Amino acid sequence: MELTLGIISFISNKLMNIKPYNEKDAKSWDNFISQSNNGTLFHTRKFLSYHPSGRFKDHSLILLKKGIPIALFPAAEVINDSGRFLHSHPGASFGSLIVQSGLTFSDAEEITDTLIEYAKSTGFDGIRLTPPPMIYLESPSEYMNFCLLSKGFEYDQRNVTSILELESSEELILKKFKPTHRTAVRKAEKSGVKIRPSNDWDIFYGILEKNLSIRHNVSPTHSLKELKVLAEFFPDKIVLFGAYLGNDMIAGVVNFLVKKNVALAFYICHDESFQEHRPINLLFFSIFKWAINNGITTFDFGTFTVNGAPNRGLARFKENFGASGVFRDTLAIRL
């Protein structure tokens, strides 16, 4: 893979250096992501480009060894009460250093040292990053996390995301469900609830806004306009499924195909006045069937913790589908 080298602004040693990302690098950047061990949809320039100009001060980096890209860091400059931080791109759910399979321990150490030296030399007060959970790796490797921790990074947050390894048939999927969820699926079917892919973004967004306001007193991460733009950018990777009673949408789930074999439930909502019809249970059962038909082997329900504090009811709801938890960590270092 080739990247436009331009002017290298920082040289840590004879073998490795860092080049700030330039828009001319976009195509090669996305090619690297597609071939990487831990890169996802969130790390592509195509995804990050939907953010309005000026929302984030992009500070993405390309790390090169002997002139060849060895790692990418989708990042932004974030200034808060703690100082000026080089931060995993805030426009992505997780980020950190993106590397290819076969990364050696020696290179992982050198990448870590080079990034720390760069941040110090450019006046940052620290680095903060959120690596993708292990399920997003093509090949298991903890080299980068080990090196980050050994060089002074510490856990800034430890959240848990709920993961379901999908079975090969709907019968086996349903067998994983706890009895209460199996009963809820049958109840939804008997109530006449129907599930289908949908483009009713406006209706879904209205339900979502109301849900988040009532339950958490927050607004959606994306505006309706942004969500529509993303769906247009990635029609095969961002899919809305709706639960309908007659012609009315009563629940919905937006799935992001973050990697070829991993789907993430980014937004989940339902109209509370139809809760007794159990549309969410049938929604997920239908989504799982769709997923296995499309070669998806792992389903990420998203986190049930906020700043490390668990929502036990939400954890239990996801566990009743057969899910269990893995860490979604954030690491940080002060310089």
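Values in this document were obtained by computation on a predicted structure and should not be read as measured data.

Chemist: What is the right way to look at the overall build of the protein chain in this model?
Modeler: Looking only at helices and strands, the protein chain has 10 helices and 18 strands in total. Considered along the principal axes of its C-alpha atoms, the protein chain spans approximately 70 × 35 × 35 Å. In the protein chain, which comprises 335 residues, the share counted as buried stands at 51%. Sequence separation of at least 24 residues holds for 74% of the intrachain contacts in the protein chain that already meet a minimum separation of 6. Separation between the mean location of the 38 positive side-chain charges and that of the 35 negative ones in the protein chain comes to 3 Å.

Chemist: What should I look at first to understand the confidence of the model for the protein chain in this one?
Modeler: Detailed reading of predicted coordinates is not advised where the pLDDT is low. Per-residue confidence for the protein chain gives a mean pLDDT of 91, with 96% of residues at or over 70. Segment residues 1-9 is flagged for pLDDT under 50; beyond a separation of four residues in sequence, or across chains, it makes 22 contacts in the model.

Chemist: I'm lost on helix α6 (residues 179-190) in this one. Help?
Modeler: Each α-helix turn comprises 3.6 residues. Residues three or four places apart therefore point the same way. Taking 1.5 Å as the rise per residue, α6 with 12 residues should run 16 Å; its terminal C-alpha atoms sit 17 Å apart, in good agreement. Burial in α6 covers these residues: H181, A184, V185 and A188. Along the axis of α6, the buried positions cluster into a sector of 100°, meaning they face one direction only. Exposed residues on α6 whose side chains face more than 90 degrees from its buried face are P179 and K190. Looking at the residues trailing α6, positive phi occurs at G192, about 90°.

Chemist: Even after reading the chapter, I still don't get helix α9 (residues 279-293), so can you show me in this structure?
Modeler: For α9, built from 15 residues, the straight-helix expectation of 21 Å at 1.5 Å per residue is met to within 8% by its first-to-last C-alpha distance of 21 Å. Summarising burial for α9: 12 of the 15 residues are buried, a large majority. Those residues of α9 lying buried are P279, I280, N281, L282, L283, F284, F285, S286, I287, F288, W290 and A291. A positive backbone phi angle near 75° is found at G295, which sits one or two residues after α9.

Chemist: Can you walk me through the packing of α6 against α9 in this structure?
Modeler: The relative placement of two packed helices is expressed as an angle between their axes plus a distance between the axes. One can describe the packing of α6 onto α9 by two numbers: an axis separation of 8 Å at closest approach and a directional angle of 100°. Judged on the interaxial angle alone, α9 and α6 are roughly perpendicular. Here α6 contributes H181, A184, V185, A188 and E189 to the contact with α9, which in turn contributes N281, L282 and F285. Taken together, the residues of the contact of α6 with α9 sort by class into 5 nonpolar, 2 polar and 1 charged.

Chemist: How do you make sense of the packing of aromatic side chains when you look at a structure like this?
Modeler: Within a pair of aromatic rings, the relevant descriptors are the distance that separates the centres and the angle that separates the planes. One pass over the structure, following the stated rule, counts 28 aromatic pairs. Aromatic ring contacts, followed pair by pair, group F42, F47, Y50, F94, Y136, F233, F234, F256, F266 and Y267 into a single cluster. Geometry around Y21 places R45 over its ring, the cationic atom sitting 3.9 Å from the centre. In this structure, R158 is placed above the aromatic ring of Y155, and the distance from its NZ or CZ to the ring centre is 3.9 Å.

Chemist: I would appreciate a short explanation of unusual backbone geometry in the present structure.
Modeler: For residues that are not glycine, phi is negative in most cases, and the peptide bond is trans in most cases. One non-glycine residue, K66, adopts positive backbone phi at about 55°. Topologically, K66 is positioned in the loop between β4 (61-65) and β5 (68-73). Assessed through its relative accessible area of 64%, K66 is described here as exposed. Backbone geometry places N307, a non-glycine residue, at a positive phi of 55°. Relative to the helices and strands, N307 resides in the loop between β16 (305-306) and β17 (309-310).

Chemist: Sorry if this is basic, but what is going on with the sheet that holds strand β7 (residues 83-88) here?
Modeler: Strand pairs in the sheet, formed through backbone hydrogen bonds, run parallel or antiparallel to each other. Spatially, β3-β6-β7-β9-β18-β10-β15-β14-β13-β12-β11 is the arrangement adopted by the 11 strands of the open sheet, whose pairing is mixed. Each edge of the sheet is formed by a strand with only one pairing partner; in this case those strands are β3 (57-58) and β11 (193-198). The pairing of strand β12 (residues 238-245) with strand β13 (residues 248-259) spans 8 bridges and is classified as antiparallel. From the neighbouring strand, G242 faces β13, where its bridge partner is G252.

Chemist: Would you explain the pattern of salt bridges in this entry?
Modeler: For side chains bearing opposite charge, pairing can occur when the charged atoms are close. Evaluated as defined, the whole model comprises 13 salt bridges. With a closest N to O distance of 3.4 Å, K259 and E138 form a salt bridge. Taken together, the positions of K259 in strand β13 and E138 in the loop between β9 (126-129) and α4 (143-150) put the pair 121 residues apart, joining distant regions of the chain. Accessibility expressed as a relative area gives 39% for E138, which makes it partly exposed. R158 serves as the salt-bridge partner of D329, at 2.8 Å between the closest nitrogen and oxygen. Of this pair, D329 sits in strand β18 (residues 324-334) while R158 sits in strand β10 (residues 154-165), and the two are 171 residues apart along the sequence. We classify D329 as buried; its relative accessible area is 9%.

The rules we used
Residues numbered from 1 in each chain as written. Predicted model: local features only at pLDDT ≥ 70, side-chain atom pairs only at ≥ 80, totals over all residues. Heavy atoms only, no water. Helix = DSSP H or I, 4+ residues; strand = E, 2+ residues; numbered from the N terminus. Buried < 20%, exposed > 50% of the residue type's maximum accessible area, 1.4 Å probe, protein only. Contact = heavy atoms within 4.5 Å. Lys, Arg positive; Asp, Glu negative; His and termini not counted. Charge placed at Lys NZ, Arg CZ, Asp CG, Glu CD. pLDDT = per-residue confidence, 0-100. Expected span 1.5 Å × (residues − 1). Arc of directions from axis to C-beta. Axes fitted to C-alpha atoms, helices over the stretch in contact; angles between N-to-C directions. Parallel < 35°, antiparallel > 145°, perpendicular 65-115°, else oblique. Nonpolar A, V, L, I, M, F, W, Y, C, P; charged D, E, K, R; others polar. Phe/Tyr/Trp six-rings, centres within 6.5 Å; stacked < 30°, edge-to-face > 60°. Lys NZ or Arg CZ within 6 Å of the ring centre and 35° of its normal. Pairing = 2+ DSSP bridges. Salt bridge = Lys/Arg side-chain N within 4 Å of Asp/Glu carboxyl O.

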